[in-house]
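# Examining the three-dimensional arrangement
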Amino acid sequence: MQNSEDQDTSTNLSLVSPHLPHNGKDLSRSLSLGKTSWNTVPILIALGVIITAIFLLDFLTPLGISISFLYVVAMLMTAWLPGFLAPIVTASLCTAFTLIVPALTASSFSGSLWMVLLNRGLTIAVVWIVAGVILNRRHAEETLISLIQGSPVGEILIDSAGSIRVMNRQAEDLFGYEGDEWAGMAVEELVPKQFRTEFRKIRTDGITAPMDRPSRHGRPLVARRKDGTGFPIEMSVTSTITPSGKGLLLSIVSVRERQAAQEQLRIHAKQQSVVADLGQFALEVSDLDDILNQAVQRMAETLEVEFGKILELSPDGKEFRLRAGVGWREGLVGDATVGAELNSQVGFTLASQGSVIVEELGSESRFSGPRLLLDHGIVSGMSCVIAGRPGSLCGVLGAHTLKKRRFSDDDVHFLEAIANVVGQSVQRFNAEAERMRSEDQLRRSRDMFFNLIQNNPFGVYLVDSEFRLSQVSAGAQKVFSTINPAIGRDFAEVLRILWPEPFAAQVIERFRHTLATGESYRSIDTTEARNDTTEIESYDWKIERVTLPDGQCGVVCYFYDMTERVRHEQEIHLLKSELETRYWSGRMN
């Protein structure tokens with residue numbers, strides 16, 4: 001095992017100071033501790049340079065060519081920046097720059113403007129989808145860190161290299177560290193030198209398989225405090241999967257405190273199991289009401305309280321509706337409402353944006369009990385907020401009893417963990433609804449794109465990125481009438497059926513060149529004998545590369561059938577020649 005200065009300290013999991021509030025209020029701030037200033041500043045500089053370079057490249061490139069998709073690279077870089085603000089600000093900048101370029105250069109563009117706007121709309125959609133993925137990852141990190149910080153025993157999270165990533169307050173008290181002095185150090189430094197080889201083996205084995213090692217060959221393990229003194233501990237080593245990869249969660253308790261904490265550990269383990277089971281249940285169920293009902297029921301059973309509730313905040317923020325609950329009189333769940341005023345427990349909880357504990361509602365001086373609680377004889381209770389989208393709240397989770405009770409920190413943390421699962425489920429369902437709306441919008445855009453081609457009365461057809469005939473307009477059906485089926489067929493094969501060599505090979509090369517380079521081509525007068533009908537036809541045609549709704553490139557061909565016009569011109573020319581011949585013959589006679 002190398003020393004801490006030799007360890008690879010790069011990780012996507014943030015380093016968190018456990019001295020921050022445990023109610024989740026400052027989690028977005030705690031996540032930023034994982035990115036040191038010397039690591040963040042170069043990323044910010046590189047991000048600014050990349051966005052500027054893409055903007056200039058997009059500005060200098062012809063408007064018909066899609067360069068703005070490179071903004072996705074800038075979005076991916078924000079995954080290494082702390083907090084929720086970086087992805088949102090970067091996505092907003094990319095959106096603004098994507099729209100500014102066509103606004104500044106539209107006057108010099110001679111192609112299809114709506115196609116450019118469609119391409120850029122797709123770019124903006126992809127940018128915000130990437131931003132959503134990054135923000136969801138932030139929420140996953142928040143959940144993991146909140147569980148670690150809520151543990152009643154010392155918890156240390158290390159990565160696969162053995163570097164410490166998270167140490168909660170209980171572990172800091174055991175080992176004598178303050179703040180984030182432990183950040184990035186090797187976990188072996190917490191063990192006396194004579195025991196490091198054995199501890200390194202425990203850590204290595206733990207990466208490959210979950211295990212529980214409460215003692216070292218029947219004797220307690222020995223740990224080393226910051227001041228160098230040793231003390232006996234019992235340690236549980238558990239393999240875990242974090243957003244940044246494999247890691248180990250070390251649960252540490254002093255042997256001297258084991259007996260006093262044993263009951264707390266049992267309760268906490270049960271609560272964690274309930275939270276984990278509820279999280280798994282929330283991932284498997286497709287009905288949000290089922291998740292809310294299951295959450296409030298398991299919470300009430302685990303805390304052994306008579307009443308549990310989930311109150312949903314109305315869109316105007318003036319009242320709450322009893323969305324789910326247990327213990328309440330029949331007919332109240334789904335219909336009962338509670339005001340959001342500060343003089344009620346739920347209103348006070350919403351304003352504090354944290355957990356609120358009430359030991360005796362009748363003697364509470366901070367607020368008065370709402371009618372819903374008083375009518376049921378509620379005495380004690382606790383409540384916490386349910387987070388919605390980043391920076392907003394969607395409701396309150398509460399537990400209440402008919403007898404006076406003092407809720408422990410474990411109970412509060414369990415309530416907050418349940419609220420986190422409920423909040424993430426609400427966010428997931430909202431995100432799923434938003435995703436379905438986005439997909440429906442993209443589908444409508446795709447259908448509109450192809451309908452514009454298929455129902456066009458003029459000659460238009462589309463060749464996709466795999467060089468297949470994708471769409472044919474109504475005005476172009478006659479050209480491909482002898483080929484069945486034509487749609488989805490290899491375009492080179494189609495051309496060789498329609499036209500003889502070497503003309504077919506020349507046209508195939510023109511299309512492939514435009515697809516590969518984006519260079520357009522036009523022929524104002526092409527007259528050739530068809531291969532399938534032997535008729536001589538004349539066309540004025542033009543091809544351009546376009547970006548399809550799926551993000552791939554294709555080639556669209558616009559053509560005008562001049563066969564009839566050329567035939568009429570030839571007939572007029574023959575009549576004119578005949579008239580001239582007769583005229584001069586008459587003069588000579």
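What counts and how
Residues numbered from 1 in each chain as written. Predicted model: local features only at pLDDT ≥ 70, side-chain atom pairs only at ≥ 80, totals over all residues. Heavy atoms only, no water. Helix = DSSP H or I, 4+ residues; strand = E, 2+ residues; numbered from the N terminus. Contact = heavy atoms within 4.5 Å. Areas by Shrake-Rupley, 256 points an atom, 1.4 Å probe, with all protein chains shown as cover. Pairing = 2+ DSSP bridges. Axes fitted to C-alpha atoms, helices over the stretch in contact; angles between N-to-C directions. Core = buried A, V, L, I, M, F, W, Y, C linked by side-chain atoms within 4.5 Å. Buried < 20%, exposed > 50% of the residue type's maximum accessible area, 1.4 Å probe, protein only. Salt bridge = Lys/Arg side-chain N within 4 Å of Asp/Glu carboxyl O. Phe/Tyr/Trp six-rings, centres within 6.5 Å; stacked < 30°, edge-to-face > 60°. Lys NZ or Arg CZ within 6 Å of the ring centre and 35° of its normal. Expected span 1.5 Å × (residues − 1). Arc of directions from axis to C-beta. Polar contact = N/O pair within 3.5 Å; in protein donor to acceptor, adjacent residues only side chain to side chain. Patch = residues over 30% accessible without salt bridge, like charges linked within 9 Å, V, L, I, M, F, W, Y side chains within 5 Å. 1 Å grid on protein atoms, 1.4 Å probe; cavity = no way out; pocket = protein on both sides within 12 Å on 5 of 7 lines; lining within 4 Å. Points joined across faces, edges and corners; volume = space filled by probe spheres on them. Nonpolar A, V, L, I, M, F, W, Y, C, P; charged D, E, K, R; others polar.

### Some points on the overall build of the protein
Scanning the protein for helices and strands turns up 15 helices and 16 strands. Here the analysis covers contacts within the protein between residues at least 6 apart in sequence; of these, 56% occur between residues at least 24 apart. As presented, the protein carries roughly 30000 Å² of accessible surface, and 54% of it is formed by carbon and sulfur atoms.

### Structural notes on the sheet that holds strand 16 (residues 553-561)
In any sheet, the strands associate via hydrogen bonds between backbone groups, in a parallel or an antiparallel arrangement. Overall, antiparallel pairing links the five strands, which are arranged 13-12-16-15-14 in an open sheet. This sheet does not close on itself; its edge strands, each paired only once, are strand 13 (469-472) and strand 14 (521-529). Averaged over all neighbouring strand pairs, the angle between strand axes comes to 25 degrees, with direction disregarded. Two strands pair when backbone bridges link them, and strand 14 and strand 15 (residues 536-547) are joined in this way by seven bridges, in the antiparallel orientation. Looking at the pairing, E528 lines up with E537 of strand 15. Helix 14 (residues 503-517) rests against strand 12 (459-463), strand 14, strand 15 and strand 16 of the sheet, and its axis sits at about 20 degrees to strand 15. Relative to strand 15, helix 15 (residues 563-588) is tilted by about 150 degrees, and along the sheet it contacts strand 15 and strand 16.

### Focus on the nonpolar core
One finds M299, L303, I310, L397, F414, I418 and V422 to be the most contacted residues of the largest nonpolar core, which totals 32 residues. For this core, the secondary structure elements donating two or more residues are helix 8 (255-284), helix 9 (288-303), strand 10 (380-387), strand 11 (393-401) and helix 12 (409-454). The element that contributes the greatest number of residues to this core is helix 12, accounting for 10 residues. Apart from the residues within four sequence positions on either side, V422 is in contact with L292, A295, I310 and I386. In this structure, A476, A492, L498 and C557 belong to the second largest nonpolar core, which totals 28 residues.

### Some words on the pattern of salt bridges
Pairs can form between side chains of opposite charge once their charged atoms are near each other. Counting across every chain of the model gives 19 salt bridges. Salt bridges here are not isolated pairs; linked through shared partners, they connect D289, E312, R321 and R323.

### Some remarks on the packing of aromatic side chains
Each aromatic ring pair is summarised here by two numbers: the centre-to-centre distance and the angle between the ring planes. Here the structure, examined in full by the defined rule, presents 15 aromatic pairs. Considering the side-chain rings of F348 and F367, the 5.2 Å spacing of their centres and the 45 degrees angle between planes classify their relative orientation as tilted. A residue pair is termed long-range when its members are at least 10 positions apart, and F348 in helix 10 (residues 345-352) and F367 in the loop between strand 9 (356-358) and helix 11 (371-374) qualify at 19 residues. Arranged with centres 6.1 Å apart and planes meeting at 85 degrees, the rings of W499 and Y539 form a pair that is edge-to-face. Highlighted residues: W499 in the loop between helix 13 (491-498) and helix 14 and Y539 in strand 15, separated in sequence by 40 residues. Through successive ring pairs, a cluster of aromatic residues spans Y461, F467, F480, F491, W499, F503, F511, Y521, Y539, W541 and F559. Of note, R298 hangs over the ring of F281, and the distance from its end group to the ring centre comes to 5.6 Å.

### Side note on helix 4 (residues 85-105)
Compared with the 30 Å implied by 1.5 Å per residue over 21 residues, the 31 Å span of helix 4 between its first and last C-alpha is a close match. All of the buried residues along helix 4 are A86, P87, T90, A91, C94, T95, T98, V101, P102 and T105. Along the long axis of helix 4, the arc covered by the buried residues comes to 165 degrees, so they all point the same way. Opposite the buried face of helix 4, at more than 90 degrees from it, the exposed residues are L85, A103 and L104.

### Describing helix 13
Considered for burial, the residues of helix 13 that qualify are F491, A492, V494, L495 and L498. Angularly, the buried residues of helix 13 cover 160 degrees about the axis, an arc narrow enough to put them on a single face. Taking the backbone nitrogen of A492 as reference, a side-chain oxygen 3.3 Å away marks D490 as the first, capping residue of helix 13.

### Structural notes on a nonpolar patch on the surface
Nonpolar side chains collect at one region of the surface, where F59, L60, I100 and L104 lie side by side and expose about 400 Å² of accessible area between them. Residue assignment for the nonpolar patch shows that the elements contributing at least two residues are helix 2 (37-60) and helix 4. By the element assignment, I100 lies in helix 4. We classify I100 as partly exposed; its relative accessible area is 33%.

### Quick look at empty space enclosed by the protein
Within this structure, the stated rule accounts for six cavities of 30 Å³ or more. The calculated volume of the largest cavity comes to roughly 210 Å³. For the largest cavity, the lining is made up of 15 residues, of which Y461, W499, Y539, W541 and C557 are closest to its centre. Elements with a contribution of two residues or more to the lining of the largest cavity: helix 13, helix 14, strand 15 and strand 16. Residues that form the lining of the largest cavity fall into these classes: 14 nonpolar, one polar and no charged.

### Here we look at unusual backbone geometry
In this model, N484 is joined to P485 through a cis peptide bond whose omega is 0 degrees. Within the secondary structure layout, P485 lies in the loop between strand 13 and helix 13. With an omega of 5 degrees, the peptide bond running from E501 to P502 counts as cis. Summarising the element assignment, P502 is placed in the loop between helix 13 and helix 14. Even without a glycine there, the phi angle at T534 is positive, about 65 degrees. Residue placement: T534 occurs in the loop between strand 14 and strand 15. T534 sits in the exposed class, given a relative accessible area of 65%.

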